[in-house]
Amino acid sequence: MNLTGTHIAYFHTCHRKLWLFAHGIQMEHTSDIVAEGKLISETTFLDRTRKYTELAIDGVKIDFYDAKNKVIHEVKKSDKIEHAHIAQVKYYMYVLQKNGIDGVTALLEYPKMRQREIVEWEIGDVRVVEEWIAQVRQIISQSSCPELIKKPICKKCSYFDFCYATES
Ligand code: SF4
């Protein structure tokens with residue numbers, strides 16, 4: 001199975017969320033994926049003078065790829081820069097490298113904060129990303145769902161109702 005950027009991002013958010021997503025359990029209407037896809041107004045933040053391509057490669061879908069400058073643009077609705085976002089674009093860079101596209105950087109865009117974060121490929125990242133991939137595969141191959149993490153992020157998670165339905 002090809003992994004997506006979402007698998008990598010969820011790995012860095014909550015292993016239970018990763019497992020639920022990988023096993024096809026999605027919460028309709030409230031899912032993060034749907035929300036991310038509805039960033040219509042927020043994508044106006046992108047520099048319109050640049051040309052973006054939608055790139056689908058090895059199961060990864062990059063919505064805004066500036067092929068001329070080799071820059072991945074990833075728009076996030078979040079109001080803070082999260083390690084999961086950085087990991088997601090690092091995974092994209094890894095996949096591009098594996099397909100012979102080197103020298104790619106990424107720009108995380110946070111319209112709510114009017115902020116941008118440049119993410120660059122660093123020495124040792126191949127080993128780091130491959131370790132994430134191995135761990136993601138190990139988690140999703142488990143026969144049962146990892147335990148609840150019970151953290152503040154649960155309140156904003158699309159699986160909240162699912163996870164807390166039986167909690168008192
Ligand atoms: S509600 Fe919490 S425990 Fe459940 S998947 Fe989301 S983050 Fe993980």
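Up top you'll find the structure we're talking about.
I will try to describe carefully the structure that is included in this document. (Residues numbered from 1 in each chain as written. Predicted model: local features only at pLDDT ≥ 70, side-chain atom pairs only at ≥ 80, totals over all residues. Heavy atoms only, no water.)

## With respect to helix 5 (residues 125–140)
Then, number 1: In this model helix 5 runs 22 Å from its N-terminal to its C-terminal C-alpha over 16 residues, within 8% of the 22 Å that 1.5 Å per residue would give.
Then, number 2: Listed in full, the buried residues belonging to helix 5 are Asp-125, Val-129, Trp-132, Ile-133, Val-136, Ile-139 and Ile-140. In an axial view of helix 5, the angular spread of the buried residues amounts to 130°, which keeps them on one side of the axis.
Then, number 3: The elements touched by buried residues of helix 5 are helix 1 (5–11), helix 2 (15–22) and helix 4 (83–98). (Helix = DSSP H or I, 4+ residues; strand = E, 2+ residues; numbered from the N terminus. Expected span 1.5 Å × (residues − 1). Buried < 20%, exposed > 50% of the residue type's maximum accessible area, 1.4 Å probe, protein only. Arc of directions from axis to C-beta. Contact = heavy atoms within 4.5 Å.)

## Some thoughts on the packing of aromatic side chains
Then, number 1: In total, this model carries four aromatic pairs according to the counting rule given.
Then, number 2: On the basis of an interplanar angle of 85° and a centroid distance of 5.8 Å, the ring pair of Tyr-52 and Phe-64 is categorised as edge-to-face. Here Tyr-52, found in the loop between helix 3 (32–37) and strand 1 (53–57), pairs with Phe-64, found in strand 2 (residues 60–66); they are 12 residues apart in sequence, far enough to count as distant.
Then, number 3: Just above the ring of Tyr-10 sits the side chain of Lys-17; from NZ or CZ to the centre is 4.6 Å. (Phe/Tyr/Trp six-rings, centres within 6.5 Å; stacked < 30°, edge-to-face > 60°. Lys NZ or Arg CZ within 6 Å of the ring centre and 35° of its normal.)

## Examining the environment of Asp-79
Then, number 1: With respect to the helices, strands and loops of the structure, Asp-79 is situated in the loop between strand 3 (71–75) and helix 4.
Then, number 2: Each C-alpha atom, one on Asp-79 and one on Pro-111, is 8.4 Å from the other, the two residues being 32 residues apart in sequence.
Then, number 3: With sequence-adjacent residues up to four places away left out, Asp-79 is seen in contact with Lys-112, Met-113 and Lys-156.

## Describing the sheet that holds strand 5 (residues 115–119)
Then, number 1: One open sheet accounts for five strands, arranged 1-2-3-4-5; its pairing is mixed. The sheet terminates laterally at strand 1 and strand 5, the two strands that pair on one side only. Across the sheet, the axes of successive neighbouring strands diverge by a mean angle of 35°, strand direction being ignored.
Then, number 2: When strand 2 meets strand 3, the two strands line up antiparallel, connected through three bridges. Its bridge partner being in strand 3, Tyr-65 is matched across the sheet by Ile-72. (Pairing = 2+ DSSP bridges. Axes fitted to C-alpha atoms, helices over the stretch in contact; angles between N-to-C directions.)

## Digging into the packing of helix 4 against helix 5
Then, number 1: Contact pair helix 4 / helix 5: the axes reach a minimum separation of 10 Å and the direction vectors enclose 105°. By the angle between their axes, helix 4 is roughly perpendicular relative to helix 5. On the side of helix 4, the interface is formed by His-83, Ala-87, Lys-90, Tyr-91, Tyr-94, Gln-97 and Lys-98, while helix 5 contributes Asp-125, Val-126, Val-129, Glu-130, Trp-132 and Ile-133.
Then, number 2: Residues that form the contact of helix 4 with helix 5 fall into these classes: seven nonpolar, two polar and four charged. (Parallel < 35°, antiparallel > 145°, perpendicular 65-115°, else oblique. Nonpolar A, V, L, I, M, F, W, Y, C, P; charged D, E, K, R; others polar.)

## A short note on the side chain of Lys-90
Then, number 1: Residue placement: Lys-90 occurs in helix 4.
Then, number 2: Residues in contact with Lys-90, not counting those within four places in the same chain, are Val-119, Glu-120, Trp-121, Glu-122, Asp-125, Val-129 and Trp-132.

## Regarding the site of the ligand
Then, number 1: Neighbouring the ligand are the residues Cys-14, Arg-16, Lys-17, Leu-148, Ile-149, Ile-153, Cys-154, Cys-157, Tyr-159, Phe-160 and Cys-163.
Then, number 2: Elements supplying a minimum of two residues to the shell around the ligand: helix 2 and helix 6 (160–164).
Then, number 3: Residue composition of the shell around the ligand, by class: nine nonpolar, no polar and two charged. (Near = heavy atom within 4 Å.)

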